[in-house]
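# Coordinate inspection notes
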Amino acid sequence: PLEGMPVNPYDRSAFTQDSQGRIHYEKDGKRAKTGVDVSTYQKDIDWQAVAGDGIDFAIIRAGNRTYGSGLLFEDSYFHRNMQGAIAAGLDVGAYFFSNAITLEEAVEEADLLISKLEPYRQHITYPVVCDWEYLGGNQSRAYGVDAKIITQCVAAFCQRVEEAGYQPMFY
């Protein structure tokens, strides 16, 4: 273990894999909930079938910033996915696939996500997530950006989400 880093408290023997390859955790009669992370890439989803298959929650992508040009895009399936998951009785949260390299970009992304969540505010029971990922190698706009700046971007995103009354999280 790393010095000063607490050891993971999970019991390795409490993890199991079902026939569909999904990992579950159950200990002392308590089961961790099972969820999915979805975006436009999954296309049309049969949310009733998802709920019927034992999925408890969905974290739904609201948009992304491209790693090349830095343009913002709204996920074209966001509203369809939110409405479908809610109608199927799933708990929901949302995420933004970030590539912010300035605090202003991070806040812009958080504000876009927050605005898309407003019609669903009463249904958001899971975190609102910053999913910052480094993609594109030396072609990425984030190439060479100091990790401290990226950390500050994630923190600014999460602070904005918390100020809006949601539980922030970082993937």
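The residue numbering used here restarts from 1 in each chain and proceeds along that chain's sequence as written. Two thresholds apply to this predicted model, a pLDDT of at least 70 for residue-level local features and 80 or more for giving and counting side-chain atom pairs, whereas whole-chain, interface and lining totals are computed over all residues. Hydrogens and water are ignored here; the side-chain numbers use all heavy atoms of the structure.

With that settled, consider the confidence of the model for the protein. Per-residue confidence from the predictor is reported as pLDDT, a score between 0 and 100. Across the protein, pLDDT averages 93, with 99% of residues at or above 70. Helix and strand labels come from DSSP, where a helix needs a run of H or I of at least four residues and a strand needs a run of E of at least two; each type is numbered from the N terminus. Averaged over each element, pLDDT in the protein is lowest for strand E3 (residues 30–31) (88) and highest for helix H2 (residues 78–87) (98).

To continue, consider a nonpolar patch on the surface. What makes a patch is a set of residues exposed beyond 30% relative accessible area and free of salt bridges, joined within 9 Å when like-charged and within 5 Å when nonpolar (Val, Leu, Ile, Met, Phe, Trp, Tyr). In short, Shrake-Rupley with a 1.4 Å probe defines the accessible areas, and a residue's cover is counted only from the protein chains shown. Salt bridges, as used here, are contacts in which a Lys or Arg side-chain nitrogen is within 4 Å of a carboxyl oxygen on Asp or Glu. Among the surface-exposed residues, Tyr-10, Phe-15 and Ile-23 lie close enough to one another that they form a single nonpolar patch of about 320 Å² accessible area. Within the secondary structure layout, Tyr-10 lies in the segment before strand E1 (15–17).

Between the first and last C-alpha of helix H3 (residues 103–117) there are 21 Å, a value that for 15 residues agrees with the 21 Å anticipated at 1.5 Å per step. Type-normalised accessible area, obtained with a 1.4 Å probe on protein chains alone, sets the label of each residue: buried when under 20%, exposed when over 50%, and partly exposed for intermediate values. Every buried residue of H3 is listed here: Glu-105, Ala-106, Glu-109, Ala-110, Leu-112, Leu-113, Ile-114, Lys-116 and Leu-117. Contacts from the buried residues of H3 go to strand E5 (57–65), strand E6 (72–74), H2, strand E7 (91–98), strand E8 (124–132) and helix H4 (147–163). By this rule, a helix spans an expected 1.5 Å times one less than how many residues it contains. Residue contacts follow a heavy-atom distance rule, with two residues in contact if any of their heavy atoms lie within 4.5 Å.

Inspection of the secondary structure puts Ala-155 in helix H4. Given the relative accessible area of 46%, Ala-155 is considered partly exposed. In this structure, the C-alpha to C-alpha distance between Ala-155 and Cys-130, residues 25 residues apart in sequence, is 9.2 Å.

On to the pairing of E7. For E7, the buried fraction is high: seven of the eight residues fall into the buried class. Note on pairing: DSSP must find at least two bridges between two strands before they are called paired. Examined bridge by bridge, E5 and E7 share seven bridges and lie parallel to one another. Its bridge partner being in E7, Arg-61 is matched across the sheet by Tyr-95. Taken together, the six bridges between E7 and E8 define a ladder with parallel strand orientation. In the sheet register, Tyr-95 faces E8, and the bridge partner there is Val-129. The definition of a right-handed crossover adopted here requires that, viewed with the strands pointing away, the path from the first strand over the helix to the second runs clockwise. Regarding the hand of the β-α-β motif, the stretch spanning E7, H3 and E8 is right-handed.

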